[in-house]
Amino acid sequence: MKIKNTSLKSLVIAIPALLFVACGGGSKEEKEQAATEKETTEKLTDEQLVDVVQKETFKYFWDYAEPNSGLARERYHPDGNYPQNDAHVVTTGGSGFGLMAILSGINQEYITREQGVERLTRIADFLDKADRFHGAWPHWMNGNTGKVQPFGKKDNGGDLVETAFLCEGIICVREFFKDGTDEEKALSQKFDKLWKGVEWNWYTNNQNKLFWHWSPEYNWEMNFALEGYNECLITYVLGASSPDHAIKPEVYHECWARNGGGIKSDNVKYDLPLILKHNGAEEFGGPLFWAHYSYVGLDPNKLTDKYANYWDVNYNQTKIDYLYCVENPKGYKGYGENYWGLTASYTRSEDGTVGYTAHMPSNDRGVISPTAAISSIVYTPKESIAAMRNFYENYKSTIWGPAGFYDAHSAEYDNWAAKRYLAIDQGPMVAMIENYRTGLLWDLFMNAPEVQEGLNKLGFHSGKYGF
């Protein structure tokens, strides 16, 4: 691919051998080790670049997972400095993406199938004993004990949205191993039991709504109904798909779709219709993770219901974000065709310290999150690979670390970088790159019989999967 940057033409990259050493053992590792003893001076092809990024990002969920549970840490700080003393805290949603990352690692032969089974068995056993609240796991758990780690004072119980992201990965694991060896079939059944235990209908609180939180101490006081468009569509899909605890279709249409159509939008930006009203971001659309989290498993290709074509929803949101960065109305340094992507991530606070915010065109601080462009590779491969190449070749000294790209970067502020990682940002990169390369996770999730039944129940149709 040509990138409009003449300096790249003469750029020569030396690739350290460690980038190509597989995480697992076996003959493939030996071959790779032998092949990479001599460093190459040739610039990476697009295929090689995508592989390096996927492989290194995968390490977040393999090499740097929480050691006791095997689940994904909420955050990983390579410098070992955890101001909140939370290195042991695991994230439920990020661990769902981590399950998908492990399957991707097996598929790409970064690890062996046997290694994957061993890790996933440990994870299943931990999740089975961890705190659950009417089947839903909390947002955060203590990786040593499985006990809830409050996300906030009243957020100390079940988190249905984080649970949905976890179950997205759980179903993929079940499908991946269901026809395997006896050991793999047993693992598949463990994961099947886990997701079927979530009481989605409990989280309606006897209304035609799904609520994000329930706490045994504070009950429904959080009172956060999942209404209108954001990252939470998968929660309704799984709620409708549950064999034993299903929600009624009315819950989807009256709450999420705002009484059967209020979710629709007539807004257009850069000649691209938004199609759905993005909560709090109706002009440009929301942060780009809204086009990622539900769709690491839920395949938007030719997926429609009476409200939208979901490929168009996600493609248009991604392209609007891209075109905004190219236009660069605030004049930030670096922004352009190969430096773009606004989503929730670490950010640079006004005093130069590391903070957190949901970057989007309506909240643009001059900070780019690599996960935004890279996880969008399924929608905008040319633009995403251009950004990936620019990050890797021109900003590598400040933005590349032991688990791939750091969480956030700003060319505007002297190549500032948040030299930290978050599971919810690393996971979609591995998963969406895998979907771009092989379609593995989409095929696993979309071919699960309960998922197809749930989508049908809500009025979805898939031209790709024939329902």
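- As recorded in an unreviewed UniProt entry, the chain goes by the name Periplasmic beta-glucosidase, listed as coming from Flavobacterium beibuense F44-8.

### A word on the pairing of strand β10 (residues 354-358)
In step 1: Side chains G355 and T357 of β10 all project onto a buried face; the interleaved residues V354, Y356 and A358 project onto a face where none is buried.
In step 2: Where strand β9 (residues 344-348) lies against β10, 5 bridges are found, and the strand directions are antiparallel. Across the sheet, residue Y346 finds its bridge partner in β10, namely Y356.
In step 3: The antiparallel pairing of β9 with β10 creates a hairpin that spans 5 residues between the two strands, and G352 there sits at a positive phi of about 90°.

### A closer look at the side chain of S369
In step 1: Position of S369 among the secondary structure elements: in the loop between β10 and α11 (370-374).
In step 2: Residues within four places of S369 in sequence aside, it is in contact with G341, T343, S345, H359, D407 and A408.

### Examining the packing of aromatic side chains
In step 1: Under the criterion given, the structure shown has 38 aromatic pairs.
In step 2: With a centroid separation of 5.8 Å and 50° between ring planes, the pair formed by F58 and Y110 is classed as tilted. With F58 in helix α2 (residues 46-62) and Y110 in the loop between α3 (92-107) and α4 (113-129), the pair connects residues that are 52 residues apart, well separated along the chain.
In step 3: The class for F58 is buried, based on a relative accessible area of 0%.
In step 4: In this structure Y110 comes out as buried when scored by relative accessible area, which is 2%.

### Examining the nonpolar core
In step 1: In this structure, L103, L120, W137, F191, Y236, L298 and Y310 are the most contacted members of the largest nonpolar core, which totals 149 residues.
In step 2: The dominant element in this core, judged by the number of residues it contributes, is helix α5 (residues 160-177), at 12 residues.
In step 3: Setting aside chain neighbours within four positions, we find L103 in contact with L120, C172, V173, F176, F177, L440, L441 and L444.

### Structural notes on the side chain of S265
In step 1: Examined against the element boundaries, S265 turns out to sit in the loop between α9 (258-261) and β6 (268-269).
In step 2: If near-sequence neighbours (up to four positions away) are discounted, S265 is found in contact with L274, I275, L276 and K277.

### Some remarks on the layout of surface pockets
In step 1: The space that makes up the largest pocket amounts to roughly 580 Å³.
In step 2: In terms of lining, the largest pocket is formed by 31 residues, of which the most central are H139, F151, W212, E231 and F289.
In step 3: Among the secondary structure elements, those contributing two or more residues to the lining of the largest pocket are α5, β9 and β10.
In step 4: Here the lining of the largest pocket takes 3 residues from α5, the largest share from any one element.
In step 5: A per-class count over the lining of the largest pocket returns 19 nonpolar, 5 polar and 7 charged.

### Let's talk about the UniProt feature "domain: Glycoamylase-like" (unreviewed entry) in the chain
In step 1: UniProt marks residues 223-448 with the feature "domain: Glycoamylase-like" (unreviewed entry), using the numbering shown here.
In step 2: Span residues 223-448 is 37% helix and 12% strand, its end C-alpha atoms 32 Å apart.

Thresholds, definitions, all that
- Residues numbered from 1 in each chain as written.
- Predicted model: local features only at pLDDT ≥ 70, side-chain atom pairs only at ≥ 80, totals over all residues.
- Heavy atoms only, no water.
- Buried < 20%, exposed > 50% of the residue type's maximum accessible area, 1.4 Å probe, protein only.
- Helix = DSSP H or I, 4+ residues; strand = E, 2+ residues; numbered from the N terminus.
- Pairing = 2+ DSSP bridges.
- Contact = heavy atoms within 4.5 Å.
- Phe/Tyr/Trp six-rings, centres within 6.5 Å; stacked < 30°, edge-to-face > 60°.
- Core = buried A, V, L, I, M, F, W, Y, C linked by side-chain atoms within 4.5 Å.
- 1 Å grid on protein atoms, 1.4 Å probe; cavity = no way out; pocket = protein on both sides within 12 Å on 5 of 7 lines; lining within 4 Å.
- Points joined across faces, edges and corners; volume = space filled by probe spheres on them.
- Nonpolar A, V, L, I, M, F, W, Y, C, P; charged D, E, K, R; others polar.
- UniProt positions renumbered as here; feature names shortened; annotations may be inferred.

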